[in-house]
Amino acid sequence: MTPTTERRPDGSWSGMRPLPGAGAAASFAAVQSAVAGLADGSVVVLGIAPGNGLWLTTARGSATLGPWQRVAGPDGSTGFTVREADVAAFPDGPCQIVATAMEAPSTTRSGAPTAA
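These figures come from a predicted structure and were not determined experimentally. (Residues numbered from 1 in each chain as written. Predicted model: local features only at pLDDT ≥ 70, side-chain atom pairs only at ≥ 80, totals over all residues. Heavy atoms only, no water.)

Undergrad: For this particular structure, what's the right way to read the nonpolar core?
TA: Soluble globular proteins tend to pack their nonpolar side chains together in the buried interior. Ranked by size, the top nonpolar core spans 17 residues in total, and within it Leu46, Leu54 and Val87 carry the most contacts. Those elements giving two or more residues to this core turn out to be strand 3 (32–37), strand 4 (43–48), strand 5 (54–60), strand 8 (82–89) and strand 9 (95–101). Broken down by element, the residue count for this core peaks at 4 residues, all from strand 9. With 6 residues, the next largest nonpolar core counts Leu19, Phe28, Val45 and Trp68 among its residues. (Core = buried A, V, L, I, M, F, W, Y, C linked by side-chain atoms within 4.5 Å. Buried < 20%, exposed > 50% of the residue type's maximum accessible area, 1.4 Å probe, protein only. Helix = DSSP H or I, 4+ residues; strand = E, 2+ residues; numbered from the N terminus.)

Structure representation (structure tokens):
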């Protein structure tokens, strides 16, 4: 389980709770996760699942997550696996993911995340 919390406008924090899962999973179990706040106020959440698959979702409003999407590899492969990954947001809107792939050199992917 990967716990999550959010900071409220008054500066207080919500209680920890499980990050909702991908597909039928009740919660997202990540071996690594990263987040980046985008210029539009949304948040990109990146997670590496136990099988080393790279997953992405966005949160808008009151931490309502969109559906998790598996990130395809540079060649479009759906079985893309990574050792580590991070995400950075840019002031003009897009974000960039940098990942160290299990089977190839490091790769990057940039652009705006898909809206939920």
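Undergrad: Any chance you could explain the side chain of Ser14 here in plain terms?
TA: Counting through the fold element by element, Ser14 comes out in the loop between strand 1 (3–4) and strand 2 (17–18). Here Ser14 falls in the buried class, since its relative accessible area comes to 11%.

Undergrad: Hey, could you run me through the packing of aromatic side chains in this one?
TA: Tallied over the full model, the rule gives 1 aromatic pair. Relative to Trp68, the ring of Phe28 lies with its centre 4.0 Å away and its plane at 10°, an arrangement referred to as stacked. Linking Phe28 in the loop between strand 2 and strand 3 with Trp68 in the loop between strand 6 (64–65) and strand 7 (69–70), this pair joins segments that are 40 residues apart in sequence. (Phe/Tyr/Trp six-rings, centres within 6.5 Å; stacked < 30°, edge-to-face > 60°.)

Undergrad: Looking at this structure, how should I read the environment of Val82?
TA: In this fold, Val82 is placed in strand 8. Note on Val82: relative accessible area 0%, which makes it buried. The spacing of Val82 and Gly53 is 29 residues in sequence and 6.4 Å in space, taken between C-alpha atoms. Once residues within four sequence positions are removed from consideration, Val82 is found in contact with Ile48, Asn52, Leu54, Ala99, Thr100, Ala101 and Met102. (Contact = heavy atoms within 4.5 Å.)

Nothing here speaks to function; it is all geometry.
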